[in-house]
Amino acid sequence: MPWIAYPADDATKEIERATRPWRREGRPVPGVIAPMKHAPRTLRGVLQMNQAVTFGGSSLGQRTEELIATATSAVNDCFY
Amino acid sequence: MSHAGFLRDHWDGDDDAFLALVRALHALGDALADTPPRQVPAALDAAVSKLPATGRDSALLRFVLQLALAPRTMTGEAVARLQAEAGFDDRAVHDIVHVVACFSYMNRLADGVGVTLLEGRRPLAEELFGAEAVAAHLDWGQR
């Protein structure tokens, strides 16, 4: 469990909307995203940035993006 | 699917080489964690040449790791070197920097509030990074 508590996925209408992509697929909100339920506007903004920069959203192609993502997170000791 | 999981599925070489690369990257992060930032670029010159990556990937990793581990050491020379060795244009350099920044940001968020691996991701993480590294990561989250 993270060191801070955060609201449930359906705590407010705004959070419900922001977490819909995962709930629709029956998946948990990713651990690094879940604390952002404190600030749904931030959550939505971060997701938009992620989609624009990764998941094939850049000019690099997804393989190169994921190589960069994997290398950055590996040296930072982050495994998600 | 995790980012490393996607990369594994789209890796050109064999799976053992992929696992060796991921584990070597994690070990490199550990090894350089206590290195003064100004010494990181020289350390990377030596370390990246030993990673199981070649050509464009190797030049890319050299740049990515410097930005991720020692951002204040970045220089125009580092950008020029990346472009000369790997052929990335200005737009690509911008996008590379953005992906590093995006993941460094997400990593810091996780570090700041103690986000650890979801239990369902543990088997893949153990396969990628080794059970010992994953156990140490989960132990950190309990502190």
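Residues numbered from 1 in each chain as written. Chains lettered and ligands numbered in written order. Predicted model: local features only at pLDDT ≥ 70, side-chain atom pairs only at ≥ 80, totals over all residues. Heavy atoms only, no water.

(A) Local environment of the overall build of chain B. Secondary structure summary: chain B contains 8 helices and 0 strands in total. In summary, chain B has a C-alpha radius of gyration of 16 Å against a globular reference of 15 Å for 143 residues, a match within 12%. Dimensions of chain B along its principal axes, counting C-alpha atoms only, are 40 × 35 × 25 Å. Residue burial in chain B is summarised as follows: out of 143 residues, 48% are buried. Within the structure as shown, chain B displays about 7,200 Å² of accessible surface, and the carbon and sulfur contribution to it stands at 53%. If the 13 positive side-chain charges of chain B are averaged to one point and the 20 negative ones to another, these points end up 6 Å apart. (Helix = DSSP H or I, 4+ residues; strand = E, 2+ residues; numbered from the N terminus. Rg over C-alpha atoms; globule rule 2.2 N^0.38 Å. Buried < 20%, exposed > 50% of the residue type's maximum accessible area, 1.4 Å probe, protein only. Areas by Shrake-Rupley, 256 points an atom, 1.4 Å probe, with all protein chains shown as cover. Lys, Arg positive; Asp, Glu negative; His and termini not counted. Charge placed at Lys NZ, Arg CZ, Asp CG, Glu CD.)

(B) Representation of the packing of helix H4 (residues 62-75) of chain A against helix H4 (residues 55-69) of chain B within the structure. For the pair H4(A) and H4(B), the least separation of the axes is 10 Å and the interaxial angle reads 45 degrees. Judged by the angle between their axes, H4(A) and H4(B) are oblique. Judged by the twist between their axes, the crossing of H4(A) over H4(B) is right-handed. Contacts between H4(A) and H4(B) involve Arg63(A), Thr64(A), Leu67(A), Ile68(A), Ala71(A), Thr72(A) and Val75(A) from the first element and Asp57(B), Leu60(B), Leu61(B), Val64(B), Leu65(B), Ala68(B) and Leu69(B) from the second. Across the contact of H4(A) with H4(B), the residue classes break down as 10 nonpolar, 2 polar and 2 charged. (Axes fitted to C-alpha atoms, helices over the stretch in contact; angles between N-to-C directions. Parallel < 35°, antiparallel > 145°, perpendicular 65-115°, else oblique. Left-handed = near helix turned anticlockwise from the far one by under 90°. Contact = heavy atoms within 4.5 Å. Nonpolar A, V, L, I, M, F, W, Y, C, P; charged D, E, K, R; others polar.)

(C) Representation of the nonpolar core within the structure. Residues Ile68(A), Leu21(B), Leu65(B), Phe88(B), Ile96(B) and Phe129(B) are the most contacted members of the largest nonpolar core, which totals 52 residues. The biggest single contributor to this core is H4(B), with 8 residues. If near-sequence neighbours (up to four positions away) are discounted, Ile68(A) is found in contact with Leu60(A), Leu60(B), Val64(B), Ile96(B), Val99(B) and Val100(B). In this structure, Val29(A), Ile33(A), Met36(A) and Val113(B) belong to the second largest nonpolar core, which totals 14 residues. (Core = buried A, V, L, I, M, F, W, Y, C linked by side-chain atoms within 4.5 Å.)

(D) Layout of the pattern of salt bridges. Residue and element names in this part refer to chain A. Under the definition given, this model contains 15 salt bridges over all chains. As a salt-bridge pair, Glu16 and Lys13 come within 3.9 Å of each other at their nearest N and O atoms. Taken as a pair, Glu16 and Lys13 lie in helix H1 (residues 13-18) at a separation of 3 residues, close to a single helical turn. (Salt bridge = Lys/Arg side-chain N within 4 Å of Asp/Glu carboxyl O.)

(E) Representation of the interface of chain A and chain B. Taken together, the 39 residues of chain A in the interface contact 51 residues of chain B. Regarding the contact of chain A and chain B, the summed buried area is about 4,200 Å², with carbon and sulfur atoms giving 72% of it. For the interface between chain A and chain B, the tally reads 2 salt bridges. As a salt-bridge pair, Asp57(B) and Arg63(A) come within 2.8 Å of each other at their nearest N and O atoms. (Buried area = accessible area lost by both parts, 1.4 Å probe.)

(F) Quick look at the packing of helix H2 (residues 15-32) of chain B against helix H7 (residues 122-129) of chain B. Residue and element names in this part refer to chain B. Running from N to C, H2 and H7 point in directions that differ by 85 degrees, and their axes come no closer than 8 Å. Accordingly, the angle class assigned to the pair H2 and H7 is roughly perpendicular. From H2, Phe18, Leu19, Val22, Arg23 and His26 reach across to H7, where they touch Glu126, Glu127, Leu128 and Phe129. Looking at the contact of H2 with H7, its residues break down into 5 nonpolar, 1 polar and 3 charged.

(G) Looking closely at the confidence of the model for chain B. All names here are of chain B. Counting all residues, the mean pLDDT for chain B is 94, and 99% of those residues have values of 70 or more. Put simply, helix H1 (residues 3-9) is where chain B has its lowest mean pLDDT, 86, and helix H5 (residues 76-86) is where it has its highest, 98. Quick note on the complex model: pTM equals 0.93, ipTM equals 0.94. (pLDDT = per-residue confidence, 0-100.)

(H) Structural detail: unusual backbone geometry. One non-glycine residue, Phe55(A), lies in positive phi territory at about 55 degrees. Mapped onto the elements of the fold, Phe55(A) is located in the loop between helix H3 (40-53) and H4.

(I) Main features of the side chain of Thr72(A). All names here are of chain A. Relative to the helices and strands, Thr72 is located in helix H4. For Thr72, a relative accessible area of 0% puts it in the buried group. In terms of polar contacts, Thr72 uses its side chain to reach the backbone carbonyl oxygen of Ile68, at 2.8 Å. (Polar contact = N/O pair within 3.5 Å; in protein donor to acceptor, adjacent residues only side chain to side chain.)

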